[in-house]
Amino acid sequence: MKLEGSVAIVTGAGGGIGAALCRRFVEHGARVVATDLDAERLTAETDAIAQDHAGAIVALAGDCASTDHIRATIELAESTFGAPVDLYVANAGVGLGDGLNATPAQWQTTLDVNLMAHVRAAELLVPGWLERGQGHFLSTASAAGLLTQIGSATYSVSKHAAVAFAEWLSVTYGTRGIGVSCLCPMGVNTNMLNSGADSDSDAARQGAKAVTQAGLVLEPLEVADLVVESLGTDEFLILPHPDVLEFFRRKAGDYDRWLRGMRRYQDTLA
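Nothing here was measured: the structure is a model prediction, and the numbers come from that model.

Reading the values: rules and limits
Residues numbered from 1 in each chain as written. Predicted model: local features only at pLDDT ≥ 70, side-chain atom pairs only at ≥ 80, totals over all residues. Heavy atoms only, no water. Salt bridge = Lys/Arg side-chain N within 4 Å of Asp/Glu carboxyl O. Helix = DSSP H or I, 4+ residues; strand = E, 2+ residues; numbered from the N terminus. Buried < 20%, exposed > 50% of the residue type's maximum accessible area, 1.4 Å probe, protein only. Expected span 1.5 Å × (residues − 1). Polar contact = N/O pair within 3.5 Å; in protein donor to acceptor, adjacent residues only side chain to side chain. Contact = heavy atoms within 4.5 Å. Core = buried A, V, L, I, M, F, W, Y, C linked by side-chain atoms within 4.5 Å. Phe/Tyr/Trp six-rings, centres within 6.5 Å; stacked < 30°, edge-to-face > 60°.

K.L.:
I tried to follow the pattern of salt bridges on my own but got confused; where do I start?
P.N.:
Pairs may arise between side chains of opposite charge once their charged atoms sit close together. Within this structure, the stated rule accounts for seven salt bridges. With its nearest N and O atoms 4.0 Å apart, the salt bridge here joins R23 to D52. Remark: D52 occurs in helix 2 (residues 39–52) and R23 occurs in helix 1 (residues 16–27); sequence separation between them is 29 residues. For D52, a relative accessible area of 56% gives the class exposed. Note that R250 and E246 form a salt bridge whose closest N and O atoms lie 3.3 Å from each other. Here R250 and its partner E246 are both found in helix 10 (residues 243–253), four residues apart, which amounts to about one turn of the helix. The partly exposed category is assigned to E246, whose relative accessible area is 35%.

This is the structure we're talking about:
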């Protein structure tokens, strides 16, 4: 995936990893449509980037899980930059509800944002990419998608599903010019992690503590730098925290032992 001269769409661009990806992409010559549900935060981030890179980024606030909104971002990219979308970054994510107390609405929203938004974007983009013989889909999943997330069932399940969908895309279309990457960070200094640590919910605080104690908390721009590097080498699994690969190997090597270890770790966080 070559960023220079490419056209990209990034969801969840109102802060955190999404905003950092937008910045790094335009710095490497890409033109970007940034989108987020929070219009105020999105405008602040894109205006800051545009100060140094005028004409390289435009914003369109909206729901990343809406097919109509996804279509609107694609149309905006084509009309603004005069070229089709080369790279779609399904980065927006949520984790709602506490364990089995999560409501049906919280489950639905989390699955819509963390999984179905990816599916709907692929449905719109993949046919055109197949005709062109090129295109790249980047899914921001999580280490939780390879391992699990203590505290949040909705987040863990939906991120597992996001990893599975990215795998399926790669297997199905990887020999037909379509690249797929799956970003699975652990702790990153974002509003999502910080709000969990400050939450009134015991489960949310426990989940945030599990992440921050498991390894180094990275800055979003550090993650973005690794993404840019990995896109250049067409790696599928992007792991900003190398420990995640070792944890994943332990899980695969002895599932029951890994589960026992996770239960013990959870007990230390109470």
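Following the structure, the description resumes.
K.L.:
Which parts of the structure should I look at to understand helix 1?
P.N.:
Residues three or four positions apart in an α-helix share a direction because the helix packs 3.6 residues into each turn. Between its terminal C-alpha atoms helix 1 stretches 17 Å, which fits the 16 Å expected from twelve residues at 1.5 Å a residue. Across the twelve residues of helix 1, nine count as buried, placing the element largely inside the fold. Those residues of helix 1 that fall on the buried side of the exposure criterion are I17, G18, A19, A20, L21, C22, R24, F25 and V26. G29 occupies a position one or two residues after helix 1 and carries a positive phi of about 95°.

K.L.:
Would you explain the side chain of S156 in this entry?
P.N.:
Secondary-structure assignment places S156 in helix 6 (residues 153–173). A residue is classified by how much of its surface remains accessible, and S156, at 7% relative accessible area, is buried. A polar contact is formed between the side chain of S156 and the side chain of T148, at a distance of 3.0 Å. Once residues lying within four places of it in the same chain are set aside, the contact partners of S156 are A144, T148 and Q149.

K.L.:
Would you take a moment to explain the nonpolar core for this structure?
P.N.:
Where a protein is soluble and globular, its nonpolar side chains tend to be buried together. Grouped together as the largest cluster of nonpolar side chains are 38 residues, with contacts concentrated most on Y88, F137 and L169. Of all elements in the fold, only strand 1 (7–11), helix 3 (67–81), strand 4 (87–90), helix 4 (104–132), helix 5 (143–146), helix 6 and strand 6 (178–183) reach the threshold of two or more residues within this core. Of all the elements, helix 4 adds the most residues to this core, at seven residues. One finds I17, A34, V89 and V223 within the second-largest nonpolar core, a separate group that totals 29 residues.

K.L.:
Please explain the side chain of T46 as it appears in this structure.
P.N.:
Mapped onto the fold, T46 is located in helix 2. In this structure T46 touches A34, I57 and A59, once residues within four positions along its chain are discounted.

K.L.:
For this particular structure, what's the right way to read the packing of aromatic side chains?
P.N.:
We describe a pair of aromatic rings using the distance from one ring centre to the other and the angle between the two ring planes. Following the criterion strictly, the structure yields four aromatic pairs and no others. Between Y88 and F137, the aromatic rings sit 5.8 Å apart at their centres with planes inclined by 25°, giving stacked as the arrangement. Linking Y88 in strand 4 with F137 in strand 5 (residues 135–140), this pair joins segments that are 49 residues apart in sequence. Considered together, Y88 and F137 belong to a single accessibility category, that of buried residues. Seen in terms of ring centroids, Y255 and W258 are 6.1 Å apart; in terms of plane orientation they differ by 85°. Their pairing is edge-to-face.

Honestly, it's all geometry; don't read function into it.
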